[in-house]
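Below, each chain spelled out in residue letters.
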Amino acid sequence: MIFNDKGILGLNARNLQYIRPYNTKKTIKLADDKLKTKKFLSARGIPVPKLYAVIKSKEELEKFDFGSLPNTSIVKPNHGFGGEGIIPIIGKRENLLVTSSGKKITKEFLRDHISDILDGRYSISNVGDSAFFEQLIISHDTLANYSYRGLPDIRVVVHNLIPVMAMLRLPTKESEGKANLHLGAVGVGIDIAKGETTHISYKNRIIEEIPGIGPIKGLKIPYWDDILMIASKCQLITNLGYMAADISIDKTSGPVLLEINARAGLGVQIANLAPLKRRLQRIEGIKVTNPTKGVRVAKDLFGNIVEKNIHQISGKNVVGIEEIVGVYLKDGTRRVTARMDSGKERTIVDEQFAIEAGLLQDEYEYDDEKSTVKLKLSIAGERIQTVADIEKITEKDYDLVVGRRDLKNFLIDPSKKVKKKILPTEKTTEDDKLNKSIKKTPERKQINYNEIDQQLIKIDEKLKLLYHLRPVNLEEERIKFFKDFKTNPQFVYPELKFDLYSLKKELIQVGTDSTNLGKLFEKKKNEILKKITLLEFRGFADEFTEASIDLYGSPDEDMLKDVDTWLKNTSVVYSQENGNITASEAKLMMDRVFLKYGLKNWEAKIKDEMVSDAIAGKNNRLFLRKGSVFTEARIENLIIHEIETHILTAENGKVQEYELFNRGLANYLETQEGLAMYNIIKQKGDEEKNLYLSISLVLAVDLALKHSFVEVFEKMLDYKIPPERAWRNALKVKRGLEDTSEHGGFTKDLLYYKGYNQIKRFIAAGGEIKDLYRGKFNSDDIELVLEIPGIKEAKYMPDWI
């Protein structure tokens, strides 16, 4: 070793003190699977190279069309390590492929190479593997000038969300264009604070110049702050306590994550002439809550920041975490206090401010169903136009939270303070000093149930579960499917509208107690956490299915036996009845029912682009799909289901002290859907007919857990369900997966049949239906609910009860 210091981190110390305590088997398994890692991180906003193709078996390899690939790409083993098995292809010449090292290879050679990958030759565990082709990143010119042909990358070691050390890895002729040090690449230390290169290491020794190229000391790494943020975010998202992120800089798109490493090598110490163990010890005990703070701590601890004219260098305006923002309204500009939050994807406008400012109007392109509005803002003198979500903002004094989508032209300086005049009603600094000087008798902190109620509502509202599980390419995949009924859809989902991990932290901090109300709130808290976990694993069949079963359950043996017997013996055949009641006529009928029950604040509204024919929405609206045609029987069922069950219960919930009785306590949906089914059958009779679709969904869920989308669809056809309805059933139970050929799915649609049986058990045990109308809660919690002090009886009841 070229320097002697007790702070050097060796392999044994790394394994025993950092990898074993901080990296679980589950997180290491994720890091070792490059495809799963990239899909997981990409879905959470981390930039990764575009995936072109995956080859999982020899059969797929034989059928693979190499001509379908672009001229440049890179082939990698999924579970490879140390750069082994990777071939970057930089061009095609006649029937040959040109690699980054200049070698020309045949397609037969490449096919044999992929066959070796499938056999596990390059796998970290020497077992069978898969191969994939992805985008070949073209290096930023700043780094390409110091690299021999291949792709340079930056390795950042992260612990406790703090980037502790980094180095630039440069391919050489000896390494054949690969950036792996053991293959002959060079490592260049980087000053964490400045993002400037320092020392050059080559084969565990310091050298003055890059072989064949020259010196590099003092080179400024482009996008340095972004690189540190990406590395820290990767740790937050993956829960790897000790890891390294390998990040390259694309010539056109900037930083791109290549892979993460749960067993990062220790050559970074030599390149920096600094012992890694000492840096890791320096950050022990530091509480870091987010990547922004982690990066700031790293710069403060491991280097001196040189202040420069940021705007002149970057071309971006500097804003603080809190800013005064202009909101352009029809009657002038309103200046509001806003928080700049790069952790949020989209901008949020406070619900109360939106109402007071008159934003809930068509001229602002207000969307009632999505709760969005079009805004024009002025931030630090720059005008922007955006679509903002309307939500309750509980943070003190904020009417607006500006998300990262609208912060692309700004840099955030947490130390920058907003300049604002003190109003007569505000306390001055002297007031604060005076208050601090007054000694008060300590009081025992009391649980504020109303505050907990609002905290849980605020968090739950952000999830928008079904929106995030609706594929953005649904119509495109539907058209493909109906061409031959044999193509399993490949779904793409919308980007999450909230920061997953900030929300988790916010939820965990909500305190409850052991009272009946506290127990109900704790159940709701756990349900929300399960929903967050479900959204976290969108696209990952096994993990998503496990999370769905934890939230909604799965078909048990008794249920499946009952369903199978019912389906075999039933004489009901699904048929699409031809209705003659238009959506406009249905609207008038629904409005008359609202008036009958004295619900003057409710109205039916016709809306485009709905999946369902009718659904009770937000802001006292019952939406009817434009173009829908209803039978009289269907209208009667909708009135019972939507108005006389869901809406009346919600209105009764408003009478209670806590808003969750209106919005929904834990697992309320099972009881609400079961009660709706029970009410329809109680009023209309014909249990066999009215349960048909609910029972077919139980079967669909069971099939989804064991079969592909196509197989679920085919089984639906076997039960005489028409193709369009069979497609919808398969979609309901396979949403949440990206590749629907995989086993697993979304089990929520069990709730209709489960709920119906739950209500029957409730009635059989002597339960009163009127008690279930007091608000939205699960019937299993009826004793907790009835014992809450001040709980009120239902104000609205169906006239037939």
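Here, the structure is the one placed above.
Residues numbered from 1 in each chain as written. Predicted model: local features only at pLDDT ≥ 70, side-chain atom pairs only at ≥ 80, totals over all residues. Heavy atoms only, no water.

1. Concerning a negative patch on the surface
Thinking step 1. Residues Asp556, Glu557, Asp558 and Asp562 make up a contiguous surface patch of negative charge.
Thinking step 2. Position of Asp558 relative to the elements: it lies in helix H20 (residues 557–569). (Patch = residues over 30% accessible without salt bridge, like charges linked within 9 Å, V, L, I, M, F, W, Y side chains within 5 Å. Areas by Shrake-Rupley, 256 points an atom, 1.4 Å probe, with all protein chains shown as cover. Salt bridge = Lys/Arg side-chain N within 4 Å of Asp/Glu carboxyl O. Lys, Arg positive; Asp, Glu negative; His and termini not counted. Charge placed at Lys NZ, Arg CZ, Asp CG, Glu CD. Helix = DSSP H or I, 4+ residues; strand = E, 2+ residues; numbered from the N terminus.)

2. Quick notes on the sheet that holds strand E24 (residues 614–616)
Thinking step 1. Read across the open sheet, the three strands follow the order E23-E25-E24; overall the sheet is mixed. Whereas interior strands pair on both sides, the edge strands pair on one side only; in this sheet they are strand E23 (603–607) and E24. Put simply, the sheet's adjacent strands are angled 25° from each other on average, direction ignored.
Thinking step 2. One ladder, built from five bridges, connects E23 with strand E25 (residues 621–625); its direction is parallel. Within the sheet, the bridge partner assigned to Ile606 lies in E25 and is Leu624.
Thinking step 3. Against the sheet, helix H22 (residues 632–655) touches E24 and E25, its axis set at about 10° to E24. (Pairing = 2+ DSSP bridges. Axes fitted to C-alpha atoms, helices over the stretch in contact; angles between N-to-C directions. Contact = heavy atoms within 4.5 Å.)

3. Describing the sheet that holds strand E3 (residues 87–93)
Thinking step 1. One open sheet accounts for six strands, arranged E1-E6-E2-E3-E4-E5; its pairing is antiparallel. Edge positions in the sheet fall to strand E1 (51–55) and strand E5 (104–106), since each of these pairs with one other strand and no more. On average, each strand axis in the sheet is tilted by 30° relative to the strand beside it, whichever way the strands run.
Thinking step 2. Pairing between strand E2 (residues 73–77) and E3: three bridges, direction antiparallel. From the neighbouring strand, Ser73 faces E3, where its bridge partner is Ile89.
Thinking step 3. Strands E1, E2 and strand E6 (131–134) of the sheet are contacted by helix H3 (residues 34–42), whose axis makes an angle of about 45° with E6.

4. Description of the packing of helix H18 (residues 516–536) against helix H19 (residues 541–552)
Thinking step 1. Packing of H18 against H19 brings their axes to within 9 Å, and their N-to-C directions diverge by 160°. As judged from the angle between their axes, H18 and H19 are roughly antiparallel. The crossing of H18 and H19 is left-handed. Residues Glu527, Lys530, Lys531, Thr533 and Leu534 of H18 form the contact with H19, whose participating residues are Phe544, Ala547, Ser548, Asp550 and Leu551.
Thinking step 2. Of the residues assigned to the contact of H18 with H19, the class counts are four nonpolar, two polar and four charged. (Parallel < 35°, antiparallel > 145°, perpendicular 65-115°, else oblique. Left-handed = near helix turned anticlockwise from the far one by under 90°. Nonpolar A, V, L, I, M, F, W, Y, C, P; charged D, E, K, R; others polar.)

5. Quick notes on the nonpolar core
Thinking step 1. Residues Ile154, Leu168, Ile221, Trp224, Tyr242, Leu276 and Phe521 are the most contacted members of the largest nonpolar core, which totals 167 residues.
Thinking step 2. Ignoring sequence-local partners within four residues, the contact set of Ile154 consists of Leu143, Met167, Leu168, Ile190, Ile221, Trp224, Ile227, Ala245, Asp246, Ile247 and Ile249.
Thinking step 3. Membership of the second largest hydrophobic core comes to 24 residues, among which are Leu359, Tyr366, Ala388 and Ile390. (Core = buried A, V, L, I, M, F, W, Y, C linked by side-chain atoms within 4.5 Å. Buried < 20%, exposed > 50% of the residue type's maximum accessible area, 1.4 Å probe, protein only.)

6. A look at the packing of helix H26 (residues 692–706) against helix H27 (residues 709–718)
Thinking step 1. Across the interface, H26 lies against H27 with an axial gap of 9 Å and an inter-helix angle of 150°. Taken as axis vectors, H26 and H27 run roughly antiparallel relative to one another. In the crossing of H26 with H27, the sense of the turn from one axis to the other is right-handed. Here H26 contributes Ser696, Leu699, Ala700, Leu703 and Ala704 to the contact with H27, which in turn contributes Val712, Lys715 and Met716.
Thinking step 2. Class assignment of the residues belonging to the contact of H26 with H27 gives a composition of six nonpolar, one polar and one charged.

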